[in-house]
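Summary of the model geometry
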Amino acid sequence: MTTGAGLVEGLETFPKILARNAERFGSRPAYREKAFGIWQSWTWADAAREVNALALGLLDMGLAKGDHVAIVGNNRPQLYMAMVAVQSCGAVPVPVYQDAVAEEMAYVLDHCGARFAVVEDQEQVDKLLEITAKLPGLEEIIYLDPRGLRKYDHSKLHPMAEVEARGRERADDMQADHARTLQSRLDDRTAAGTATDTCVMLYTSGTTGRPKGVVLSNLNIISTAQASSEFDHLKASDSVLAYLPMAWVGDFIFSMGQSYWTGFCVCCPESPETMQTDLREIGPSYFFAPPRFFEGLLTSVMIRMEDASKLKQKLFHHYMKIARDVGPRILDGESVGLIDRLRYALGGLLVYGPLKNTLGLSRVRVGYTAGEAIGPEIFDFYRALGINLKQLYGQTEASVFITQQPDGQVRADTVGVPSPGVELRIDDTGEVFYRSPGVFVEYYKNPDSTADTKDAEGWVATGDAGFIEEATGHLRIIDRAKDVGKMASGALFAPKYVENKLKFYPNILEAVVFGDGRDSCTAFINIDLTAVGNWAERNNIAYASYQELAGHPQVYAMIQDHVEEVNRSVAEDEMLSGCQISRFLILHKELDADDGELTRTRKVRRRIIEEKFADLLTALYDGSQEIFTTTEVTYEDGRKGAISATLEIRDAATVPATPREVAA
Amino acid sequence: MSAAESYVTADGRTIGATVMEMRNITLRFGGVVAIKDISFDIREGEIRAIIGPNGAGKSSMLNVINGFYHPQEGEIWFKGEKRAPMRPHEIAHQGIARTFQNIALFKGMSTLDNIMTGRFTHMKSNLLMQAFWKGPAEREEVENREIAEKIIDFLEIQHIRKTPVGRLPYGLQKRVELGRALAAEPRLLLLDEPMAGMNVEEKEDMSRFILDVNDEFGTTIALIEHDMGVVMDISDRVVVMDYGRKIGDGTPDEVRNNQDVIDAYLGVPHD
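Residues numbered from 1 in each chain as written. Chains lettered and ligands numbered in written order. Predicted model: local features only at pLDDT ≥ 70, side-chain atom pairs only at ≥ 80, totals over all residues. Heavy atoms only, no water.

What chain B contains, in helices and strands, is 10 helices and 12 strands. The C-alpha radius of gyration computed for chain B amounts to 19 Å, which stays within 12% of the reference 18 Å derived for 271 residues, consistent with globular compactness. Taken along its principal axes, the extent of the C-alpha atoms in chain B is 70 × 40 × 40 Å. Within chain B, the fraction of its 271 residues that count as buried is 49%. (Helix = DSSP H or I, 4+ residues; strand = E, 2+ residues; numbered from the N terminus. Rg over C-alpha atoms; globule rule 2.2 N^0.38 Å. Buried < 20%, exposed > 50% of the residue type's maximum accessible area, 1.4 Å probe, protein only.)

Right under this line is the structure:
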């Protein structure tokens, strides 16, 4: 039985789904969190009780229908429950990136006009108190962890435990109108929730300009959660590790939407640093990570294998070769012959099993990566081990899912077929458009941007250029539509395409390629300190800092090899052969979100980098061999400093276009 | 000197009565006089620093408080009683814990195990009971582990809980050592150069933890430190030593303006 809006009746809002889960999965775990070294759990019934108490407390404090409530902190069960408590009161949770600096936070809180904020700890309270002068609308701050806050002025501050206790205490108190209790007022608010009400507001990290508040309705989130849970056959017995920022739409879909819809357990790590250990202890069956995570993990495996004994190295390399040959095919359900199957099984016993166990990926049934392109070698490594890693393509504006790869049709170079309920269209310029039940309502207080992005028929521009493969129906993404440009010669310029190829080398952490409107391409490179540092150690190269290692001639030589190899591979693609890199330099600092060079989800902000390092860019094109530069940096505590360096500029060999032979 | 009235500091902490008092301490090693007739007191809940140039006798002073050295002259009063000469482990049982200038952890043991060793003064079960790990021994272990975990949480070292300390960087080892001292739930915590050899960021972290320990647990802290900036920032009162003598005693501001102290640190022109 579905309502007109397309949702199951009685399950149109999170508080209502929570009531169903408490009844149906009452004694199953809803949340786990490691605290004081032990995994603590909340059953769905516990969660329902805690949400109710907190909602009563919030209502008692005067939370009004339609208010925005900022939620700031690392992934904590109480913060997830706080979001549902806020929804129970008819208000809208606005999760904010917990590592945002105070000014960024001030913008978001001011823009959404939050009266209440629920935060994790002293760090976040300090940030909010620092900006209260700019935020006259912020009335109450509720915090989870009281450590260090004892002596603060508590006129605005409230410990969450106290708010809950007060809620419980006053549940049966008669209200001012002497007609109803607090509990019955709350019940009315919860019951009034509909499918078209705003479920959550998420701020996009904004590769350009100010962040925009994406308004997502219950219909958007819940129908997407339902469709995607069915797509991957998610069950109540699944579990997921919630470690990605709560302000990111993916976490909201996985740890809230799908978890509530299917009733699976959300596990929160003890602290961001212990994520790897916690991953191993939990062994999630459903796992999401950005490509960066998988790259880092592979790098660390390779580094550790180099330090392993000869026998182990031999075993590892022998069986990894078998795995690369047949693993992905076995995973896709193809037949590979009895001998190979036996060899793979033996490898599983000796190498893959123990390795997956060490990585914490033994039980992963469905794994996703998205956000950036993943290197084919990296992708295949995990598939070869028998981990069902897939790709999806999504956006905040789509409630994540636009396309995803079905089991058995997984490839490194596509992002899959349209998700259930999604329609796709490619326009003349190559830009990808979609329409689905998950499509956002609007950008908050920004009708112009809404109109720019979403047309009257509900089609949304992704801003990405791509095409649909005719044979398979899979979507392939080339680059950001606005970044795809023309070089002076008229050849196509797709920087991301080249950057991704560069980043597939473990030694290269980040690359920024320039060339729009110019006659040749150049690049800024960031080395990966872990990989290159380990290499330096093994080769007895002493270095004191990132800057020194980045400027080392041998490092330059190594990076030059990588760049030239990429040039050869780029040359194979006739359309993009103009994008070969003729000159490059290695940056003297790591690109950092605190300096505004990356977004909080670690995507490069091309325009800002172009402006900030204008002197370096000029030097890349005027033929100089080295350049002296000074750059302002922001430390984690917000103080500013400057670093200066003399950077070497290298020429890299390019090759003429060598199109792949079509026919012999 | 009698216990003065308690008072509240500008940042809201309560400084209580005198908890330890050194009266006319003199310590000699053969003919060398390491400490010469020094008196000062440490009050409940305060952060008390002992500073001075190299060889001023700071570590000797800490070793006297700790019971490792026995002064030839003078008296030590602790909690209103004159203290008889004691061995360091007896003093540990009185509620005085310390860290060392050169880290003295068990390198092969994990962070957690190192912190658990700090609980030994609170363990009552004997070796045999622990070997069978039943009844009281098990309960005790659970209680001690709980306290150790609270300290791990407090010092934000969850990620190295199971890592052998020998593999940790220096700054973290220092933090583990502080954790082990805290595990004893001391009334008086002695820190011997807690920030020696650290970079600025590590120093800032350590300063924050020292202030938090004092604030959250109300632990009285006596520390020796070289870094004047840190000392002046975090301590309530400072004793300045030079060549085994006390040349200054008071709040950081008073000490900063004391001519003897300035001379000792900057040198005196010979004319």
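Additional details are given in the paragraphs that follow.
All names here are of chain A. One open sheet accounts for four strands, arranged β2-β1-β11-β10; its pairing is mixed. Each having just a single partner strand, β2 (38–43) and β10 (239–241) make up the two edges of the open sheet. On average, adjacent strands in this sheet sit at an angle of 20° to one another, irrespective of strand direction. As judged from the six bridges shared by strand β1 (residues 29–35) and β2, these two strands associate in the antiparallel manner. (Pairing = 2+ DSSP bridges. Axes fitted to C-alpha atoms, helices over the stretch in contact; angles between N-to-C directions.)

What follows deals with the interface of chain B and chain A. Many authors give the size of an interface as the accessible area that is lost as the parts come together. With 16 residues of chain B at the contact, the number on the chain A side is 12 residues. The interface formed by chain B and chain A includes five salt bridges. Here E270 of chain A ties to R161 of chain B by a salt bridge, and the two come within 2.4 Å at their closest N and O atoms. Put simply, chain B and chain A have seven residue pairs in polar contact (both at pLDDT 80 or more) between them. (Contact = heavy atoms within 4.5 Å. Salt bridge = Lys/Arg side-chain N within 4 Å of Asp/Glu carboxyl O. Polar contact = N/O pair within 3.5 Å; in protein donor to acceptor, adjacent residues only side chain to side chain.)

Residues and elements named next belong to chain A. Across the two faces of strand β11 (residues 265–268) the burial is the same, with C265 and C267 and V266 and C268 all buried. With three bridges joining them, β10 and β11 adopt parallel strand pairing. Counterpart to L241 in the pairing with β11 is C267.

Below, the discussion takes up the packing of helix α12 (residues 310–331) of chain A against helix α13 (residues 338–359) of chain A. Residue and element names in this part refer to chain A. It is at 9 Å that the axes of α12 and α13 come closest, and there the two elements cross at 120°. Where α12 crosses over α13, the handedness of that crossing is left-handed. Packed against α12, whose contacting residues are L315, F316, Y319, M320, I322, A323, V326, G327 and I330, the element α13 presents D340, R341, R343, Y344, L346, G347, L350, V351, Y352 and L355 at the interface. Tallied by class, residues from the contact of α12 with α13 come to 14 nonpolar, two polar and three charged. (Left-handed = near helix turned anticlockwise from the far one by under 90°. Nonpolar A, V, L, I, M, F, W, Y, C, P; charged D, E, K, R; others polar.)

In this structure the tally under the stated criterion is 60 salt bridges over all chains. Among the ionic pairs, D332 of chain A bridges to R383 of chain A, the shortest N-O distance being 2.7 Å. Residue D332 of chain A is found in the loop between α12 and α13, and its partner R383 of chain A is found in helix α14 (residues 376–384); the two are separated by 51 residues along the sequence. Across the pair R411 of chain A and E469 of chain A runs a salt bridge whose closest N-O atoms are separated by 2.9 Å. Taken together, the positions of R411 of chain A in the loop between β15 (400–404) and β16 (417–418) and E469 of chain A in the loop between β20 (460–468) and β21 (475–480) put the pair 58 residues apart, joining distant regions of the chain. For R411 of chain A, a relative accessible area of 29% gives the class partly exposed. What emerges from the salt-bridge pattern is a single network uniting D41, E46, R48, R237, K246 and D249 of chain B.

Okay, the nonpolar core next. Residues and elements named next belong to chain A. Core analysis: the largest hydrophobic core is formed by 126 residues, its most contacted members being F287 and Y382. When residues of this core are assigned to their parent elements, the largest contribution, nine residues, is made by helix α2 (residues 44–60). Both domains that furnish three or more residues to this core are identified here as domain 1 (14–287) and domain 2 (290–480). The residues contacting F287, other than those within four sequence positions of it, are Y243, M275, L279, F293, F294, L361, V364, V366, G367 and Y368. In terms of nonpolar packing, the next biggest core, distinct from the first, is built from 53 residues, Y546, I559, C579 and I586 among them. (Core = buried A, V, L, I, M, F, W, Y, C linked by side-chain atoms within 4.5 Å. Domains from an automatic or database assignment.)

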